[in-house]
Amino acid sequence: MLNTFLFVVLPYAALALFAFVTPYRYFSNRLTWSAYSTQFLERKTLYWGSNSWHYGVIPVVVAHFFGIFAPDAMQSILANRQALILLESAGLGLGLFALFGCLVLIVRRLVTPFLGPVTTAGDWILLALLLFQTATGVYMGMFLRWGSQWYLHTAVPYFHSLLLFHPQAEYMSDVPMVFKLHAAGAFLIVALLPFTKLVHLLYVPFDFLKDPPILYRWRSPKAGG
Ligand code: HEM
């Protein structure tokens, strides 16, 4: 029953919300389609939090997708023991980097008085979910070793069944609880995406790597308006 909810109802509900609410928000209120930068209120801690978070989590999530869309290639890469150890270690390092960034972003909002009034309940829920997601991922990386391999025989066929609209929750029914929670957390994040500032990831997501998110220009009286 719980498995059916977590691995059939939840993913399709999340997908439906994502598919319908995202375009609705885009066309009804485009100006809210952003991460609402708080850079001008506090920038030092943001630098450490945001960079560690993004540089850590993006490669890890891309690697998750690689397993889904190219499982055979991933399988043959990981068949080499040295490659497996190298990639798992890199994944764990990046995961820890992302976890550090996420914690910094949370602490920043807790300790910077200016940020209180611009932090919504949605921001807190999103940050808590991302922390949960990253912490459970890092936990698996540390204590349920070689996840990149067992993932190919559990989550990957399960995802393929979801994409073919023939969900087979059985692939996920015997995995450890922390893995179930990690997968369910991902569905919740997808469901919340169109309602929160996470929606910015659909909007030229890699531009922030070369530019600051927003350039603020002050118009001084001298500049003549
Ligand atoms: C919002 C989506 C997700 C985020 C942000 C995320 C994040 C992470 C992070 C930070 C790690 C630690 C990296 C490492 O130790 O290698 C991780 C590991 C892992 N994640 Fe996710 N994850 C997401 C979705 C999923 C989903 C949907 C699944 C499968 C159902 C999944 C399966 C795994 C597995 C098996 C590991 C362990 C990898 C290993 O031991 O090498 N993740 N995840």
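Data block above holds the structure.
Residues numbered from 1 in each chain as written. Predicted model: local features only at pLDDT ≥ 70, side-chain atom pairs only at ≥ 80, totals over all residues. Heavy atoms only, no water.

1. Digging into the packing of aromatic side chains
Here comes step 1: According to the stated counting rule, one finds nine aromatic pairs in the structure shown.
Here comes step 2: When the ring of Y12 is compared with that of F165, the centres are 5.7 Å apart and the planes differ by 15 degrees; the resulting orientation is stacked. Taken together, the residues Y12 in helix α1 (residues 2-28) and F165 in the loop between α7 (155-163) and α8 (170-173) connect sequence positions 153 residues apart.
Here comes step 3: Take F165: its relative accessible area is 63%, and that puts it in the exposed class. (Phe/Tyr/Trp six-rings, centres within 6.5 Å; stacked < 30°, edge-to-face > 60°. Helix = DSSP H or I, 4+ residues; strand = E, 2+ residues; numbered from the N terminus. Buried < 20%, exposed > 50% of the residue type's maximum accessible area, 1.4 Å probe, protein only.)

2. Regarding the coordination of the iron atom of the ligand
Each pair of donors in an ideal octahedron of six around a metal sits at 90 or 180 degrees, and each pair in an ideal tetrahedron of four sits at 109.5 degrees.
Here comes step 1: Listed as protein donors to the iron atom of the ligand are H64 (NE2) and H182 (NE2); their distances from the metal cover 2.0 Å.
Here comes step 2: For the iron atom of the ligand, the six donor atoms in the first shell make angles of 85 to 179 degrees at the metal, so the coordination geometry reads as octahedral. Placement of H64 in helix α2 (residues 44-69) and of H182 in helix α9 (residues 177-192) is noted, with a sequence separation of 118 residues between them.
Here comes step 3: Overall, the relative accessible area of 10% leaves H182 in the buried class. (Donors = N, O, S within 2.8 Å, 3.2 Å for Na, K, Ca; no water. Tetrahedral: all angles 85-135°; square planar, octahedral: opposite > 155°, others 65-115°.)

3. Some remarks on the pattern of salt bridges
Here comes step 1: For the structure shown, the criterion picks out three salt bridges.
Here comes step 2: A salt bridge links E42 to R108; the shortest N-O distance between them is 2.6 Å. Highlighted residues: E42 in the loop between α1 and α2 and R108 in helix α4 (residues 81-111), separated in sequence by 66 residues. Both residues of the pair, E42 and R108, belong to the buried class.
Here comes step 3: With a shortest N-O distance of 4.0 Å, R109 and D123 are connected by a salt bridge. Of the two residues, R109 sits in helix α4 while D123 sits in helix α5 (residues 121-143), which places them 14 residues apart along the sequence. For the pair formed by R109 and D123, the shared burial category is buried. (Salt bridge = Lys/Arg side-chain N within 4 Å of Asp/Glu carboxyl O.)

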